[in-house]
Amino acid sequence: MRLRQHEYLVAVKAENDLKALISLVCGVSMTEQGVGKWLRRHGFTPQRPARRSYRQQDEQVRAWLEEEYPAIATRARAEKAELVWADQCGLRSDTAPPGRSWAPAGHTPIVRVNGRRFRVNIMSAVASRGALWFTVFPGKFTAKVFCVFLDRLARQAGRKVHVIVDRHPVHRSKAVRTWLEENAERVELHQMPGYSPELNPDELLNADLKHHVHAARATSADDLARETRRFLHRRQRQPHIVCGYFAARHVRYTIQ
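The structure displayed is predicted, hence computed values, not measured ones.

Trainee: Outline the sheet that holds strand E3 (residues 132-137), listing residues and values.
Mentor: The five strands lie next to each other as E3-E2-E1-E4-E5, forming an open sheet whose pairing is mixed. Only two strands of the sheet have a single partner each, and these edge strands are E3 and strand E5 (187-191). Looking at each pair of strands side by side, their axes are set apart by 25° on average, direction ignored. Bridge analysis of strand E1 (residues 82-92) against strand E2 (residues 119-126) gives eight bridges, and the strand direction is antiparallel. Paired with Asp-87 across the strands is Ser-124, a residue of E2.

Structure below.
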C-alpha cells in the first residue's frame with residue numbers, strides 16, 4: 001500500500017475498524033487475523049498512544065531541540081554550571097488509585113482509605129548526573145515558594161545553576177523575574193516550549209513518585225507529606241535511577 005494509506009491505518013486503533021478502512025480505501029476484504037499479520041509484517045505493533053496537547057507548536061519544539069537547548073547546554077558547560085530540570089506536581093488523596101492486588105475471581109478486594117480530601121505539593125529538580133533536589137509544601141505553589149527553592153538549589157549545588165522549567169505562570173511572574181535579576185550570577189532560568197511536558201525529565205520523577213506513593217492510603221496531609229519525603233530521600237540515594245529518567249526516549253536529547 002502507499003504511505004498515505006499507512007497513515008490512515010495508524011490513526012485507527014481497533015482491528016475491526018482497520019478491516020472496514022481497508023475495505024473502503026482498497027476494496028479488499030480481510031479477516032481480523034489477517035489485518036494483524038499484515039500490520040506486524042510492515043513494522044506495526046499494538047501500542048498505547050502517547051498524549052500530546054493540541055496546543056503544542058511543532059515549530060517551537062523543533063527550535064528547542066535543535067537550537068535553544070543545545071545553546072543552553074553549551075553555555076552551562078562553558079560556565080561550569082549545573083544544568084537541572086525542574087517541575088512541580090501535587091498528590092491528592094481523593095484522586096490517587098489504591099493500586100492493584102490479587103483476589104479470587106468475582107471477589108473484588110477492598111482497600112480502606114481515608115475519605116477526607118487533602119493534598120501536598122512538590123517542587124523538584126534533577127540533573128543528568130543523578131542529583132535530585134526537592135521541597136514538599138502543603139500550600140499553593142507561589143512565586144515566594146519558587147524563589148526559596150531556587151535559592152536553596154543554588155546553595156546546595158555550590159555553583160551557578162541553569163534551571164529549565166515549563167511556562168507555568170509562577171515561573172513568568174514579576175516577582176520571580178525580579179529575584180532572577182538580583183541573583184543573575186547564581187541562577188539562570190530557561191523555559192521550554194509550551195504544552196510539552198514530555199520534554200522534561202523531571203516529569204518522569206513525578207510519575208515515579210505518583211506510582212510509589214499511594215496518596216489514597218494516607219490518613220492525613222502530614223502522613224502524605226512524610227511518605228512523599230521518604231520516597232524522595234530514597235531516590236536521592238539512588239542516583240542510578242535518576243540517571244535512568246534521562247534515558248527515556250522523549251528526553252534522551254538532554255544527554256546526547
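Still more to cover.
Trainee: A description of helix H7 (residues 202-212) should follow, citing residues and the corresponding values.
Mentor: The set of residues buried in H7 consists of Asp-202, Leu-205, Asn-206, Asp-208 and Leu-209. Viewed end-on, H7 has its buried residues packed into an arc of 165°, placing them on one side of the element. Buried residues along H7 sit in contact with E1, E2, E3, helix H8 (221-236) and helix H9 (239-245).

Trainee: Let's hear about the nonpolar core: which residues, and what values?
Mentor: By size, the foremost hydrophobic cluster in this structure holds 33 residues, and its most contacted members are Trp-64, Tyr-69, Trp-85, Leu-91, Ile-122, Ile-164 and Leu-224. Among the elements of the structure, helix H4 (58-78), E1, E2, E3, H7, H8 and H9 are those that each provide at least two residues to this core. Every residue in contact with Leu-224, bar those within four places of it in the chain, is listed here: Leu-91, Phe-118, Arg-119, Val-120, Val-213, Ala-215 and Ala-218. Ala-86, Phe-137, Phe-141 and Cys-147 belong to the second largest nonpolar core, which has 26 residues in total.

What counts as what
Residues numbered from 1 in each chain as written. Predicted model: local features only at pLDDT ≥ 70, side-chain atom pairs only at ≥ 80, totals over all residues. Heavy atoms only, no water. Pairing = 2+ DSSP bridges. Helix = DSSP H or I, 4+ residues; strand = E, 2+ residues; numbered from the N terminus. Axes fitted to C-alpha atoms, helices over the stretch in contact; angles between N-to-C directions. Buried < 20%, exposed > 50% of the residue type's maximum accessible area, 1.4 Å probe, protein only. Arc of directions from axis to C-beta. Contact = heavy atoms within 4.5 Å. Core = buried A, V, L, I, M, F, W, Y, C linked by side-chain atoms within 4.5 Å.

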